[in-house]
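Tertiary structure, described
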Amino acid sequence: MDQLDQQIRSYEEEINSFQPNDANELEAFRIRFLGTKGIVKQIFGAMKDVPADQKKEAGQRLNAFKQLAEARHASFLHLQKSTKSKDTTQDLTLPGTPVPRGGRHPLRVVENQIVSLFEKLGFSVASGPEIEDDWHNFGSMNLPEHHPARDMQDTFYISKNPDWLLRTHSSSIQARVMESEKPPIRVICPGRVYRNETISARAHCFFHQCEGLYIDKNVSFADLKQTLYYFVTEMFGANTRVRFRPSYFPFTEPSAEMDISCTVCGGSGCSLCKHTGWVEILGCGMVHPNVLRNFNIDPDVYTGFAFGMGVERITQVKFQVNDLRLYSQNDIRFLRQFESL
Ligand code: PHE
C-alpha cells in the first residue's frame, strides 16, 4: 500500500503541474492517464495485490486519484473545442460568406453624370440649405411679394416663421452663390426641392433639380445654346437634336424651354414624347438684370445665363421610368436595375 501510495503521489504531482499548450498535448495526457491502457487503469489493476484489510482505504485513494486526473483533463477541454472550431474556420478553400453589393440610386447616378459633364467645362459645384427664406427663394429672383408667378410653384411654408419655406427650386442656391462670390461665376447646383403637389405618377411633393449659372463679361445666348447642346449630346448621344421655345421665367429674360428629339422613337412619335417627337427637358435664359442688381452685379458690365433641369425628368428620359413615385418607394426590384451603373 505504501509503495502504491508513493507512486500515486508522484503521478499526482505530474497531473497538478500539467499545463497543455494545445489539444494534442491534452490528448496525450488523456491517453497516458485515462486511456484504456492508461495509468489509472494500471493502478486499479494493482488493487488485486493489496491485502484485504487495506482494500477499502486503497479504493478511496484510487478513486480520488482517478477523479483528479479526470478533473484536470476536463479543465482543459475548452482547448480541444476552440482548436477544433478554429481548424474549420481556417479552411481557406471554403467559399466566403456572400456580401450583397449595394448600388447607387438612379437619381444620384444621373445627378453625378450631369455634374461631371459641367465640371469638365469648368463649372464648380455649389449647394445650399433646403429650408430657405423668402429672399433667397423668391425675392432676389425677381419674384417680389404678390408676384403672380409665385403661384407657378406651390410652396410649403414653415408654420413657426412665415418667412421660412422649403425651397421650391435650386435657384436659391444660385442666389447664395451670387451673394458670396464675385463674377466670373460658373456653378452647377444640384439639390432637392419641394412643392405642395399631390403625389401621382407625374408629380411629387419633393424632387431634384440641377441648375447652372454662368456670369461673366460678354456671356451671350449663343454661349447658353452651345453649352446646353454639348450637355445634350454628351448625355443622350451625338445624334440628339435640340430646339429652344420662347418661355417665361421671372429671373431670366429672354427665357426659353429646351426640347430634345425623343430618345426612344427618334422623333417618329411614341408615348414618351406624346407623339410629338420632342421631349422638354429644361428651362433656361439670360439672367434678368434685376437679379444681377439684387447682388450688386452691374448688368451693364456683366451678363449671364442660367438653366435648370429636373433630375427625375432626365432620368425618366434616359431610362424610361414611367412613374415618379418609383424613385422614393425603395422597391429593391426597381433599384436593382441600376445597380451596375
Ligand atoms: N428655377 C426654374 C424652375 O424651377 C428653372 C429655371 C432655372 C429656369 C434657371 C430658367 C433658368 O422651374
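Residues numbered from 1 in each chain as written. Predicted model: local features only at pLDDT ≥ 70, side-chain atom pairs only at ≥ 80, totals over all residues. Heavy atoms only, no water.

**Topic: the environment of Glu130**
- Secondary-structure assignment places Glu130 in the loop between β1 (124-125) and β2 (131-133).
- Classification of Glu130 by relative accessible area gives partly exposed; the value is 34%.
- C-alpha separation for the pair Glu130 and His169, spaced 39 residues apart in sequence, amounts to 9.5 Å.
- Setting aside its immediate chain neighbours within four residues, Glu130 contacts Leu165, Leu166, Arg167, Arg192 and Tyr194. (Helix = DSSP H or I, 4+ residues; strand = E, 2+ residues; numbered from the N terminus. Buried < 20%, exposed > 50% of the residue type's maximum accessible area, 1.4 Å probe, protein only. Contact = heavy atoms within 4.5 Å.)

**Some details on the site of the ligand**
- Around the ligand, 14 residues are found, and the nearest of them are His169, Ser171, Arg195, Gln209 and Glu211.
- With respect to the ligand, the side chain of Ser171 contributes an N or O atom lying 3.1 Å from a nitrogen atom.
- Here the ligand has 320 Å² of accessible area as a free molecule, and 91% of this is covered by the chains.
- Contributing elements (two or more residues each) for the shell around the ligand: β5 (206-216), β8 (278-287) and β9 (303-310).
- No other element matches β9, which puts three residues into the shell around the ligand. (Near = heavy atom within 4 Å. Polar contact = N/O pair within 3.5 Å; in protein donor to acceptor, adjacent residues only side chain to side chain. Areas by Shrake-Rupley, 256 points an atom, 1.4 Å probe, with all protein chains shown as cover.)

**Considerations on unusual backbone geometry**
- Going from Pro183 to Pro184, the amide bond is cis rather than trans, its omega being 0°.
- Among the secondary structure elements, Pro184 is positioned in the loop between α8 (171-180) and β4 (185-194).
- With an omega of -5°, the peptide bond running from Glu253 to Pro254 counts as cis.
- Here the phi dihedral of Asn218 falls at roughly 60°; this positive angle occurs in a residue that is not glycine.
- By the element assignment, Asn218 lies in the loop between β5 and α9 (221-236).
- The class for Asn218 is exposed, based on a relative accessible area of 70%.
- In the Ramachandran plot, Asn296 falls in the positive-phi region, its phi being about 55° despite a non-glycine side chain.
- Summarising the element assignment, Asn296 is placed in the loop between α10 (289-294) and β9.

**Here's the deal with the pattern of salt bridges**
- All told, the structure shown has 15 salt bridges when counted by the stated rule.
- Put simply, Glu280 and Arg245 hold a salt bridge, and the shortest N to O gap is 3.8 Å. Pair noted here: Glu280 is in strand β8 and Arg245 is in strand β6 (residues 242-249), with a separation of 35 residues, a long-range link.
- Each of the salt bridges in this network shares a partner with another, and the network as a whole consists of Arg243, Arg245, Glu257, Asp259 and Glu280. (Salt bridge = Lys/Arg side-chain N within 4 Å of Asp/Glu carboxyl O.)

**With respect to the pairing of strand β7 (residues 252-261)**
- With eight of ten residues buried, β7 lies mostly within the body of the structure.
- Where β6 lies against β7, seven bridges are found, and the strand directions are antiparallel. Counted as the bridge partner of Pro246 is Ala256 from β7.
- Where β6 hands over to β7, the hairpin turn is made up of two residues, counted between the paired strands.
- Taken together, the eight bridges between β7 and β8 define a ladder with antiparallel strand orientation. (Pairing = 2+ DSSP bridges.)

**Things to note about the packing of helix α6 (residues 106-120) against α9**
- Viewed as axis vectors pointing N to C, α6 and α9 meet at an angle of 135°, and their least axial separation amounts to 10 Å. By the angle between their directions, the pair α6 and α9 is classed as oblique. Once α6 is placed against α9, the crossing between them reads as right-handed. Residues Val110, Gln113, Ile114, Leu117, Phe118 and Lys120 of α6 form the contact with α9, whose participating residues are Thr227, Leu228, Tyr230, Phe231, Glu234 and Met235.
- Looking at the contact of α6 with α9, its residues break down into eight nonpolar, two polar and two charged. (Axes fitted to C-alpha atoms, helices over the stretch in contact; angles between N-to-C directions. Parallel < 35°, antiparallel > 145°, perpendicular 65-115°, else oblique. Left-handed = near helix turned anticlockwise from the far one by under 90°. Nonpolar A, V, L, I, M, F, W, Y, C, P; charged D, E, K, R; others polar.)

**A few points about the nonpolar core**
- In terms of nonpolar packing, the biggest core is built from 42 residues, with Ile114, Phe118, Phe231, Ile281, Phe307 and Met309 touching the most fellow members.
- Going through the elements one at a time, α6, β5, α9, β7, β8, β9, α11 (311-319) and α12 (332-335) are the ones with two or more residues in this core.
- Considering each element in turn, this core owes the most residues, seven residues, to α9.
- Within the second largest apolar cluster, 24 residues are counted, among which are Phe249, Leu292, Phe295 and Tyr302. (Core = buried A, V, L, I, M, F, W, Y, C linked by side-chain atoms within 4.5 Å.)

**Topic: the domain arrangement of the protein chain**
- Examined at the domain level, the protein chain breaks down into domain 1 (2-87) and domain 2 (106-338).
- Placing the centre of domain 1 and that of domain 2 at their C-alpha centroids yields a distance of 85 Å. (Domains from an automatic or database assignment.)

**Let's talk about α11**
- Those residues of α11 lying buried are Val311, Glu312, Ile314, Thr315 and Val317.
- Those residues of α11 that are buried are in contact with α6, β5, α9, β7, β8 and β9.

**Description of the packing of aromatic side chains**
- As enumerated under the stated definition, the model contains 18 aromatic pairs in all.
- Ring plane angle 90° and centroid distance 6.0 Å describe the contact between Tyr11 and Phe33, whose orientation is recorded as edge-to-face. With Tyr11 in helix α1 (residues 2-17) and Phe33 in helix α2 (residues 23-34), the pair connects residues that are 22 residues apart, well separated along the chain.
- Where Phe118 meets Phe231, the ring centres are 5.4 Å apart and the plane angle is 25°; that geometry is what we call stacked. A residue pair is termed long-range when its members are at least 10 positions apart, and Phe118 in helix α6 and Phe231 in helix α9 qualify at 113 residues. Each member of the pair Phe118 and Phe231 is classed as buried.
- Here a set of aromatic residues connected by ring pairs shows up, and it is made of Tyr11, Phe18, Phe29, Phe33, Phe65 and Phe76. (Phe/Tyr/Trp six-rings, centres within 6.5 Å; stacked < 30°, edge-to-face > 60°.)

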